[in-house]
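Chain by chain, the residues:
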Amino acid sequence: MKSIRTRFAPSPTGFLHLGSARTALFNWAFARHHGGTFVLRIEDTDHDRSTRESEAAVLEGMRWLGLDWDEGPIRQSERSGRHRAAVVSLLESGRAYRCICSKDSLEARKNEDLASGGNGLYDGRCRDLALGPDCGNHTVRIRLPREGALGFDDLVFGPSGQDASQIGDAIIQRSDGTPLYNLAVVVDDIEMGITHVIRGADHHPNTPLQVAIYRALGVDPPFFAHVPLIVGESGKKLSKRRDNVSIQEFQQEGQLHEALVNWIVRLGWSHGDDEVFSLDDIARLFDLDHVGRSAARAEPAKLQWLGQHYIKELESDVLFRRVEPFLASVAGQAIQDSPGLRRLLDALRERSHTLMEMAEQARWLIRDEIEYEEKAVQKHLRPVAIPLLTALRTRLETVDPWDEAQLERAFESVAEQEGGVKMGKLAQPTRVAVTGRAVSPGIYETLAAIGRDRCLTRLGTGIGLAEARAAAQNS
RNA sequence: GUCCCCAUCGUCUAGUUGGUUAGGACACCAGCCUUUCAAGCUGGCGACACGGGUUCGAGUCCCGUUGGGGAUACCA
């Protein structure tokens, strides 16, 4: 059997988006699983919308996800000679013809047809005119059979296709001589030896046309596998305007690429009851027979869960290296690695879904100045806490060494000395005083990480806030 | 309008020769744990869109209805 070749063929008209990323992943996985070749091709035949920046963004997104390609990137625009040659041969064999209908006329005739109950297909006006190269400004259309099945066996959807009578003679070359998508894909897929075309289900309906082009070119079509669309909150196909679909955006939010890959691979594909898949797992297990047929809604809840799952698993050095840029952005400066920071990051693993969340939660350690959350202050830095915090501050001055065990003993002695108050009564105000918020890792870990000097200062600030409350209440 | 596709818990899904108390995960709720929040553990809620067939038996097969989506470009 011929070795498998798949391709990912994005159009560089924006960032790599979720749907494209999944298509890329499936193509990559299928090729890897079968020991085949994965080709990257940039479909930039739409000059007005294609940009080099966008192409770079797509490539960067692929690399970030860990999807390596074996050949390419090949730019479709650099293959226009091949597309032209294909059109010439179709013209010569009579499988294509020149068309001089203007855009305006086409539009008018289509609307008229629709209004009178027709289906709006091209009416074939130029089909039998046998226009030569000197006919002036013209496009080239494929000459489709008027009837008969244009069928194909889809690896996901099963027997598919339409009757030729339902498809109009499509334009394959613009009047400026450049090729159109449907022609270019077919020519390129043929010449690149693509054996399996795996793409979004939005292409399912125009596959019969492509099958016809394959036939006109005298080539057997490859296998097609259309994967169900990913839809947004609205239930409609993901759109850049409506949904958060940019892979780069997920990256900037501090999402882990492992989580993102795991999230999208389960949108439309399954492997029994399994939920967690690394790229290696995917390469090992992925196949087309368990790709579903119905559209999947992209809900971020599971992505969040996966993010936390992978954060919990990251090796300490890797975690530090990956969270470092986010820490730096929170701190406003480069971050020094330290055992204390490492301990905090470990404690933050089970409280973070993304690297950005983790960095945010480390704010009280990596910045000297902390911000006090209004709600936390309201709830915990009340007048009753003043004696507790004051006593604690005094006690903390002499804690030695400054470690979790000694801190715990200090807390216990202060709690007892203050009339046996519950630990929560002491710990919560302390937490708010030293971190500015009501949520943090264990209080001893927290204090140990912050260090004595900053703790004493912040305790003073906290006492001050409580005293201000008391004064306000009395006046 | 025309063509095509889809239909299991809120969401992602298991279900692959018709026979299951319809399973898992996320989310949600409750309890436990606890100095907060998490994490963890335990339990709970929760689905075969509807109507006809075929069959001893239908989530699984067929038809219809409804609902949703996609395609109908000198975009890809």
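Note that the coordinates shown come from a computational prediction; the quantities given were computed from them, not determined experimentally.

**Student:** An account of the side chain of Arg 127 is needed here, citing residue identities and associated values.
**Tutor:** On the secondary structure map, Arg 127 appears in the loop between α4 (103-115) and β5 (139-142). A relative accessible area of 10% means that Arg 127 is categorised as buried. With sequence-adjacent residues up to four places away left out, Arg 127 is seen in contact with Tyr 97, Arg 143, Leu 144, Arg 146 and Asp 169.

**Student:** Can you explain the pattern of salt bridges? Please cite residues and give values.
**Tutor:** Pairing between side chains of opposite charge can happen when their charged atoms approach one another. As enumerated under the stated definition, the model contains 31 salt bridges in all. Across the pair Asp 68 and Arg 32 runs a salt bridge whose closest N-O atoms are separated by 3.4 Å. Pair noted here: Asp 68 is in the loop between α2 (52-65) and β3 (71-75) and Arg 32 is in helix α1 (residues 18-33), with a separation of 36 residues, a long-range link. For Arg 32, a relative accessible area of 23% gives the class partly exposed. For Glu 191, the salt bridge goes to Arg 79, with nearest N and O atoms at 2.8 Å. Of the two residues, Glu 191 sits in helix α5 (residues 181-191) while Arg 79 sits in the loop between β3 and α3 (80-92), which places them 112 residues apart along the sequence. Judged by its relative accessible area of 36%, Glu 191 is partly exposed. For Arg 79, a relative accessible area of 15% puts it in the buried group.

**Student:** So what about the sheet that holds strand β8 (residues 171-173)? Which residues, and what values?
**Tutor:** Pairing in this open sheet of three strands is antiparallel, and the strands run β4-β5-β8 from one edge to the other. Lying at the two open borders of the sheet, with one neighbouring strand each, are β4 (96-99) and β8. Geometrically, the sheet is characterised by an average inter-axis angle of 45 degrees between neighbouring strands, direction not taken into account. Bridging between β4 and β5 involves four bridges; their strand directions are antiparallel. Its bridge partner lying in β5, Cys 99 is registered against Thr 139.

**Student:** Pulling in residues and values, what's your account of the confidence of the model for chain A?
**Tutor:** A residue-level look at chain A finds 100% of positions with pLDDT of 70 or above and a mean pLDDT of 94. Confidence metrics for the complex model read pTM 0.94 and ipTM 0.95.

**Student:** Could you give an account of α2, with specific residues and numbers?
**Tutor:** The terminal C-alpha atoms of α2, which comprises 14 residues, lie 20 Å apart, in line with the 20 Å expected from a rise of 1.5 Å per residue. Immediately beyond the C-terminal end of α2, within one or two residues, lies Gly 66, with a positive phi of roughly 90 degrees.

**Student:** Residues and numbers for unusual backbone geometry, please.
**Tutor:** Cis geometry marks the peptide bond from Gly 72 to Pro 73, where omega comes out at 5 degrees. With respect to the helices and strands, Pro 73 occurs in strand β3. Pro 401 follows Asp 400 through a cis peptide bond whose omega is -5 degrees. Following the sequence through the fold, Pro 401 ends up in the loop between α16 (385-396) and α17 (404-417). Despite not being glycine, Ala 130 has its phi angle at roughly 50 degrees, a positive value. Mapped onto the secondary structure, Ala 130 falls in the loop between α4 and β5.

**Student:** Any chance you could break down α17 for me, citing the residues and the numbers?
**Tutor:** In a regular helix each residue adds 1.5 Å, so 14 residues correspond to 20 Å; α17 covers 20 Å between its end C-alpha atoms and thus fits that length. Among all positions of α17, only Leu 407, Ala 410, Phe 411, Val 414 and Ala 415 are buried. Across the axial projection of α17, the buried residues extend over an arc of 130 degrees, all falling on one side. Exposed residues on α17 whose side chains face more than 90 degrees from its buried face are Arg 409, Glu 416 and Gln 417. Contact partners of the buried residues in α17: α16, α18 (423-435) and α19 (443-450). Of the residues one or two after α17, Gly 419 is the one with positive phi, at around 90 degrees.

**Student:** Any details on the protein's contact with RNA strand B? Residues and values, ideally.
**Tutor:** Neighbouring RNA strand B are 61 residues, the closest being Asp 46, Arg 174, Gly 268, Glu 350 and Arg 351. In RNA strand B, the atoms that sit within 4 Å of the protein are 69% sugar and phosphate, with bases accounting for the remainder. Measuring from a base nitrogen of RNA strand B, one finds a side-chain N or O atom of Asn 206 at 3.1 Å. In this structure, a base nitrogen belonging to RNA strand B sits 2.7 Å away from a side-chain N or O atom of Glu 275.

**Student:** Can you explain the pairing of strand β6 (residues 149-154)? Please cite residues and give values.
**Tutor:** Alternating residues of β6 divide into Leu 150, Phe 152 and Asp 154, all buried, and Ala 149, Gly 151 and Asp 153, none buried. Strand direction decides the pairing type here: β6 and strand β7 (residues 158-163), joined by six bridges, are antiparallel. Pairing of Gly 151 across the sheet is with Gly 161, part of β7. In this antiparallel pair of consecutive strands, β6 and β7, the connection spans three residues.

**Student:** Help me get a handle on a negative patch on the surface, residues and values and all.
**Tutor:** Residues Glu 350, Glu 404, Glu 408, Glu 412, Glu 416 and Glu 445 make up a contiguous surface patch of negative charge. Among the elements that make up the negative patch, the one with the highest residue count is α17 (four residues). Checked against the element boundaries, Glu 445 lands in helix α19. Given a relative accessible area of 32%, Glu 445 falls into the partly exposed group.

**Student:** Hey, could you go over a positive patch on the surface for me, with residue numbers and the actual values?
**Tutor:** Together, Lys 375, Lys 379, Arg 382 and Lys 425 give the surface a local cluster of positive charge. Residue position: Arg 382 is located in the loop between α15 (374-380) and α16.

**Student:** Pulling in residues and values, what's your account of the environment of His 196?
**Tutor:** By the secondary structure assignment, His 196 is in strand β9 (residues 196-200). The exposure class of His 196 is buried, given its relative accessible area of 6%. Considering only alpha carbons, one finds His 196 and Phe 15, 181 residues apart in sequence, at a separation of 25 Å. Not counting residues up to four positions away in its chain, the partners in contact with His 196 are Ile 4, Arg 5, Thr 6, Arg 7, Asn 27, Phe 30, Leu 155 and Phe 223.

About the cut-offs
- Residues numbered from 1 in each chain as written.
- Chains lettered and ligands numbered in written order.
- Predicted model: local features only at pLDDT ≥ 70, side-chain atom pairs only at ≥ 80, totals over all residues.
- Heavy atoms only, no water.
- Helix = DSSP H or I, 4+ residues; strand = E, 2+ residues; numbered from the N terminus.
- Buried < 20%, exposed > 50% of the residue type's maximum accessible area, 1.4 Å probe, protein only.
- Contact = heavy atoms within 4.5 Å.
- Salt bridge = Lys/Arg side-chain N within 4 Å of Asp/Glu carboxyl O.
- Pairing = 2+ DSSP bridges.
- Axes fitted to C-alpha atoms, helices over the stretch in contact; angles between N-to-C directions.
- pLDDT = per-residue confidence, 0-100.
- Expected span 1.5 Å × (residues − 1).
- Arc of directions from axis to C-beta.
- Near = heavy atom within 4 Å.
- Polar contact = N/O pair within 3.5 Å; in protein donor to acceptor, adjacent residues only side chain to side chain.
- Patch = residues over 30% accessible without salt bridge, like charges linked within 9 Å, V, L, I, M, F, W, Y side chains within 5 Å.
- Areas by Shrake-Rupley, 256 points an atom, 1.4 Å probe, with all protein chains shown as cover.
- Lys, Arg positive; Asp, Glu negative; His and termini not counted.
- Charge placed at Lys NZ, Arg CZ, Asp CG, Glu CD.

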